[in-house]
Amino acid sequence: MFIRKAERHELDTIYAIGFDVWGDGLSYEKYVAGCRGSNKYQAGTWYVLIDNDQILSSLIVYQNIFGLKEGCAGIGSVATPNSLRGRGYASDLINSVKKELYINHNVKAIFLHSDIPPKFYQRLGFTTIKGSDCMYISMDTYDFDGSLPAYF
Ligand SMILES: CC(C)(COP(=O)(O)OP(=O)(O)OC[C@H]1O[C@@H](n2cnc3c(N)ncnc32)[C@H](O)[C@@H]1OP(=O)(O)O)[C@@H](O)C(=O)NCCC(=O)NCCS
């Protein structure tokens, strides 16, 4: 099991993983068309957790957008295929992407906006920013100034 950036041909598979939660009542075709044309998705970098060529979990990383400052990244659209949930894959992916961003991308803090109760992310070390759905995790050297990135 390892993480890597998603390849272009994997994007539809990644979009399909989120259909049950983010489909918003659309037909599958309309939902995927919306994902393909999404400026937000095009602004980020998708990462996947892979085993035997199968995507076990995916998420998108943003930098230098949505008010994310120098040295900060945002993660979003964390999703695991329905049949594979509850096996620790999203947790593994988030932990591995965190290491990758800290070590190879000069990132000192990672923000997210949680659509689910914060416990899942708290268990991974994220702190809730009071009065918001925003959470972050950082290196010891990072000094959070209280300003929140926009929703992503
Ligand atoms: C949230 C999600 C990514 C977790 O993926 P996963 O691979 O199952 O994650 P893990 O196995 O590492 O962790 C599972 C934990 O997440 C918790 N969790 C998952 N969905 C949850 C939800 N909607 N509300 C609260 N907790 C949730 C589970 O209760 C479980 O906790 P437990 O171990 O105490 O039972 C997956 O459920 C998913 O794809 N959901 C749909 C998309 C989504 O809502 N993404 C989150 C956006 S903020």
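Up top you'll find the structure we're talking about.
Throughout what follows, the structure given in this document is the object of discussion. This structure is a prediction, so every number in the text was calculated from the model and none was measured. What you see as residue numbers is a count from 1 along each chain, following the sequence as written. For a predicted model such as this one, the threshold for reporting local features is a pLDDT of at least 70, and the threshold for listing and counting side-chain atom pairs is 80 or more; totals across whole chains, interfaces and linings nevertheless cover every residue. For side-chain calculations, the full set of non-hydrogen atoms in the structure is used, while hydrogens and water are omitted.

**A few points about the nonpolar core**
(1) Moving on: Within this scheme, the nonpolar core is defined by two criteria: the residues are buried Ala, Val, Leu, Ile, Met, Phe, Trp, Tyr or Cys, and they are joined through side-chain atoms within 4.5 Å. Each residue gets one of three labels from its accessible area relative to the maximum for its type: buried under 20%, exposed over 50%, partly exposed in between, using a 1.4 Å probe on protein chains only. If you look at the biggest cluster of nonpolar residues, it comprises 24 residues, and the most contacted ones within it are L59, V61, I75, I94, I110 and F126.
(2) Moving on: Secondary structure counts use DSSP, requiring at least four H or I residues in a row for a helix and at least two E residues in a row for a strand, with both numbered from the N terminus. Only strand 2 (45-51), strand 3 (54-62), strand 4 (72-79), helix 5 (89-104), strand 5 (109-113) and strand 7 (134-138) provide two or more residues apiece to this core.
(3) Moving on: Residue contributions to this core peak at 7 residues, all from helix 5.
(4) Moving on: Other than its neighbours up to four places away in sequence, I94 contacts L59, I75, V78, F120, Y121, L124 and F126.
(5) Moving on: Among the nonpolar cores identified, the runner-up in size contains 23 residues, and I14, I50, Y62 and Y136 belong to it. By definition, residues are in contact when any of their heavy atoms lie within 4.5 Å.

**Focus: the site of the ligand**
(1) Moving on: We define proximity as follows: a residue is near a molecule or strand when any one of its heavy atoms falls within 4 Å of that partner. Around the ligand there are 18 residues in total, and V78, T80, G86, G88 and S91 lie nearest to it.
(2) Moving on: Residues adjacent in sequence count toward polar contacts only when both atoms are side-chain atoms; beyond that, a polar contact is any pair of N or O atoms within 3.5 Å, and within protein one must be able to donate a hydrogen and the other to accept it. A distance of 2.6 Å separates an oxygen atom of the ligand from a polar atom in the backbone of G86.
(3) Moving on: The side chain of R123 places a nitrogen or oxygen atom 2.9 Å from an oxygen atom of the ligand.
(4) Moving on: Taken by itself the ligand offers 880 Å² of open surface, and the protein chains cover 71% of this.
(5) Moving on: Secondary structure elements with two or more residues in the shell around the ligand: helix 2 (19-22), strand 4, helix 5 and helix 6 (119-122).
(6) Moving on: The element best represented in the shell around the ligand is helix 5, accounting for 3 residues.
(7) Moving on: In this count, Pro and Cys sit with the nonpolar residues alongside Ala, Val, Leu, Ile, Met, Phe, Trp and Tyr, while Asp, Glu, Lys and Arg are called charged and the others, Gly among them, polar. A breakdown of the residues in the shell around the ligand according to their chemical character gives 10 nonpolar, 4 polar and 4 charged. Under the convention used here, a 1.4 Å probe and the Shrake-Rupley method define accessible areas, while residue burial counts only the protein chains that appear.

**A look at unusual backbone geometry**
(1) Moving on: Its identity as a non-glycine residue notwithstanding, D24 has a phi of 55°, on the positive side.
(2) Moving on: If you trace the backbone, D24 turns up in the loop between helix 2 and helix 3 (28-36).
(3) Moving on: In this structure D24 comes out as exposed when scored by relative accessible area, which is 71%.
(4) Moving on: Positioned with a positive phi, D53 is a non-glycine residue whose angle comes to about 70°.
(5) Moving on: Here D53 lies in the loop between strand 2 and strand 3.
(6) Moving on: A relative accessible area of 72% places D53 in the exposed class.

**Focus: the sheet that holds strand 4**
(1) Moving on: Pairing is mixed across the open sheet formed by 7 strands, whose spatial order is 1-2-3-4-5-7-6. Across the chains shown, the open sheet's two edge strands, defined by having one partner strand only, are strand 1 (2-5) and strand 6 (127-128).
(2) Moving on: Two strands form a pair only when DSSP identifies at least two bridges running between them. One ladder, built from 2 bridges, connects strand 6 with strand 7; its direction is antiparallel. Bridging from a neighbouring strand, T127 pairs with Y136 of strand 7.
(3) Moving on: Only C-alpha atoms enter the line fits that serve as axes; for helices the fit covers just the stretch in contact. Angles between N-to-C directions range over 0 to 180 degrees. Packed on one face of the sheet, helix 5 meets strand 1, strand 2, strand 3, strand 4, strand 5 and strand 7 and runs near 45° to strand 3.

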